[in-house]
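Overview (structure and organization)
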Amino acid sequence: MSDLTELYQEIILDHNKYPRNYGCLDNYTDKGEGHNPLCGDEVTVYWKLGPEDIKALSFQARGCAISQASASMMTQILKGKSVEEAQELFQLLRRHLTQECEDEEFPEELGELAALAGVRKYPARIKCATLAWHAMCDKISD
Amino acid sequence: MPVVFLARGNFLFETRLILIKLRSMITTIDVASIRRDFPILRTRVGGRPLVYLDNAATTQKPAAVLSALEKHYKESNANINRGVHYLAERATDAYELARKTVARFLNVARSEEVIFVRGTTEGINLVAQSYALPFLKKGDEILLTTMEHHANIVPWQLVSERNGAKLRIIPITESGELDMEVFESLLGERTKIVSLAHASNTLGTVNPVKELVDKAHAYGAIVLLDGAQAVGHFPVDVQDLDCDFYVFSGHKLFSTTGAGVVYGKYELLQSMPPFQGGGDMIGKVTFEKTTYKEPPARFEAGTPNIGGAVALGAAIDYLSGLDRVVLMEYEHDLLQYATSLLSDIEGLRIYGRASDKVSLISFTLDGIHPHDIATLLDADGIAIRAGHHCTQPLHRHYGLSATTRASFAFYNTREEAEQLAASLEKSKRLFG
Ligand SMILES: Cc1ncc(COP(=O)(O)O)c(C=O)c1O
């Protein structure tokens, strides 16, 4: 697989074209905003927090396929997770996108997010892949 | 009689043919030979030849510039204006020769009107800090335009925060040209400075600066032209334009980074306090009082980018060896060709349809974000720019956060425009 087709895997392109949980969430309990001043990408993540877990998530974004797909997949994978679990998943994803675990396979917990592995060859794009995660996880841990 | 007519007709026809042939000989430059002057254009990206279409960000450098730079450091390097030794004189002469070369290039009245700075950004900051800050007061107005680069917005904001001057914005029309009617309605007794791009780095629009200068002068306002995207594309005559300041960056004129120019009318420069303090700009220094040199030295504190100035002189000499009118026609043709190729791509929208444009095209493509386009094109060896191009207000005007920009120079070719279009089609297929 070329670097390019590895970067733009089917799953990524699909989430880009048909983003899941797109739009503003009714009765959200909080939202987080992310902005990449370098490229102007913007994302807003909305979530509804229950007593134990995250009940629902949605997002709105203007950005590249990588940031769009990552946000879309995030809204799926974090549903039903506790705040703590969400933070752990984010840390796990981050470690696998950056140098720390560069050659390792993505662990199973990350599910579809493994499709983001191609980003590792494009260091400038790692920020795109983590934009929505930062928008949410930096806020929700407050 | 009929025979004579026929002969005459034939003669005319043949002359016309010859003229057409001559014209096409004149207007087709030898691109292959020009490309050989730019060593970096031989680069291969992942096995493919580089297609460099990011010239608005920075241009490539001809071998003549690179060797002038090397020769300077090998044969003439010393600090300027300070030593009396052999090399110090050679370096000072080289630096001042570069100033004269720039003076000729812009057709200034006297070479003391040419100040070397780091680039356009520093140049605009110089005028903002040394002209606008001391001379404007609360309620005075500075006119900018919607299409300005951040470098022609933020320096004026910094000034206005301190002296209370007000920024007013000349809007643009649908095609990306200045709304001259609104411009005239904005002009008034309070207008002190009009500062605008000679050519826009995002829309490509070449503004009718001569007319703007005339109208601004009628109200006693001075005009600064940001020539960053102009000088590399067409000849500029500051006396003809009658602008008060003209600013550009050497690195967008086929020279190295770190050296640029502020042209200012001498009386204005003479009235202005220094921009920065330090060595080389002083007459006499005591702890009580320092006197300043006359322009341009007053505005060149410290050791300047001597090598950069020398390189800039070499870049201008290189351009002088080419017929710039022919280069302009060539670029114009290239722009039209690329525009027509891109216009044929479904879902592609071009921003900036001014009748007078420099050779750059900013666009969006339905369903593919500019950053993805940049990555996809890079895989084909094509270098373009994606993002806001330091014109966020302009992008906001169009309701966009980013566009893709392909910007051409005279060393680019029709084949490269075709590769750009083909690669965009390919990207569309990948993104379905
Ligand atoms: C129109 C315009 N103004 C100003 C600048 C700033 O130039 P520099 O970064 O060389 O100072 C640029 C370059 O991007 C430009 O295109």
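The following refers to the structure shown.

About the cut-offs
- Residues numbered from 1 in each chain as written.
- Chains lettered and ligands numbered in written order.
- Predicted model: local features only at pLDDT ≥ 70, side-chain atom pairs only at ≥ 80, totals over all residues.
- Heavy atoms only, no water.
- Near = heavy atom within 4 Å.
- Polar contact = N/O pair within 3.5 Å; in protein donor to acceptor, adjacent residues only side chain to side chain.
- Areas by Shrake-Rupley, 256 points an atom, 1.4 Å probe, with all protein chains shown as cover.
- Contact = heavy atoms within 4.5 Å.
- Buried area = accessible area lost by both parts, 1.4 Å probe.
- Salt bridge = Lys/Arg side-chain N within 4 Å of Asp/Glu carboxyl O.
- Helix = DSSP H or I, 4+ residues; strand = E, 2+ residues; numbered from the N terminus.
- Nonpolar A, V, L, I, M, F, W, Y, C, P; charged D, E, K, R; others polar.
- Pairing = 2+ DSSP bridges.
- Axes fitted to C-alpha atoms, helices over the stretch in contact; angles between N-to-C directions.
- Core = buried A, V, L, I, M, F, W, Y, C linked by side-chain atoms within 4.5 Å.
- Buried < 20%, exposed > 50% of the residue type's maximum accessible area, 1.4 Å probe, protein only.
- Domains from an automatic or database assignment.
- 1 Å grid on protein atoms, 1.4 Å probe; cavity = no way out; pocket = protein on both sides within 12 Å on 5 of 7 lines; lining within 4 Å.
- Points joined across faces, edges and corners; volume = space filled by probe spheres on them.

The next thing to look at is the site of the ligand. All names here are of chain B. T120, T121, H149, A151, N201, D226, A228, Q229, S249, H251 and K252 make up every residue found near the ligand. Within the side chain of H149, an N or O atom sits 3.1 Å from an oxygen atom of the ligand. Between a nitrogen atom of the ligand and a side-chain N or O atom of D226, the distance comes to 2.5 Å. Its free accessible area being 390 Å², the ligand has 84% of it covered by the protein chains.

Contacts between the two partners involve 17 residues from chain B and, on the opposite side, 18 residues from chain A. Summed over both partners, the interface of chain B with chain A comes to about 1,300 Å²; 55% of that surface belongs to carbon and sulfur atoms. A per-residue breakdown of the area chain B buries against chain A is headed by H371, T375 and F431 of chain B, which together make up 34% of the total. Along the contact surface separating chain B from chain A lie one salt bridge. Across the pair D372 of chain B and R125 of chain A runs a salt bridge, and its minimum N-O distance is 2.8 Å. Across the contact surface, chain B and chain A share eight residue pairs in polar contact (both at pLDDT 80 or more). For the side of chain B that touches chain A, the secondary structure elements donating two or more residues are α13 (370–378) and α15 (414–431) of chain B. Broken down by element, the side of chain B that touches chain A gets its largest block of residues, four residues, from α13 of chain B. Taken together, the residues of the side of chain B that touches chain A break down into six nonpolar, ten polar and one charged.

Residues and elements named next belong to chain B. Taken in spatial order, the seven strands of this open sheet run β4-β10-β9-β8-β7-β5-β6, and their pairing is mixed. The outermost strands of the open sheet, each flanked by one partner alone, are β4 (114–117) and β6 (166–170). Each strand of the sheet is rotated relative to its neighbour by a mean of 20°, with strand direction disregarded. Relative to strand β9 (residues 245–249), strand β8 (residues 222–226) runs parallel, the two being bridged by three bridges. The partner of L224 across the bridge, within β9, is F245. Strand contacts of helix α5 (residues 120–135): β4, β7 (191–197), β8, β9 and β10 (260–264), with the helix running at about 150° to β9, the strand carrying the most contacts. Lying on the sheet, helix α6 (residues 154–163) is in contact with β5 (141–145), β6, β7 and β8; it crosses β6 at an angle near 145°.

On to the nonpolar core. Among the nonpolar cores identified, the biggest contains 145 residues, and L106 and Y246 of chain B are the most heavily contacted of them. Top element by residues in this core is helix α5 (residues 126–140) of chain A. It accounts for ten residues. Structurally, this core is a two-domain feature, drawing no fewer than three residues from each of domain 1 (3–62 + 323–431) and domain 2 (65–320) of chain B. Sequence-distant contacts of Y246 of chain B, that is, excluding residues within four places in its chain, are made with L106, H198, L225, G227, A230, V231, V236, V238, L241, V261, V262 and Y263 of chain B.

Residue and element names in this part refer to chain A. Spatial strand order, β1-β2-β3: three strands in an open sheet with antiparallel pairing. Two strands close off the open sheet at either side, each with one partner strand: β1 (30–36) and β3 (54–62). Each strand axis lies, on average, 15° off the axis of its neighbour in the sheet, ignoring direction. The pairing of strand β2 (residues 41–49) with β3 spans eight bridges and is antiparallel. Among the inter-strand pairings, V43 is bridged to a residue of β3, identified as A61. The sheet strands contacting α5 are β1, β2 and β3, and the helix crosses β2 at an angle near 40°.

Residue and element names in this part refer to chain B. With the rule as written, the count across this model stands at three cavities of 30 Å³ or more. Size it by volume and the largest cavity reaches roughly 70 Å³. Grouping the amino acids of the lining of the largest cavity by side-chain chemistry returns five nonpolar, five polar and two charged. Both domains that furnish three or more residues to the lining of the largest cavity are identified here as domain 1 (3–62 + 323–431) and domain 2 (65–320). What lines the second largest cavity is T202, L203, Y351, L394, H395, Y398, L400 and T403. Its residues assigned to classes, the lining of the second largest cavity comprises five nonpolar, three polar and no charged.

All we've got here are geometric facts, nothing functional implied.
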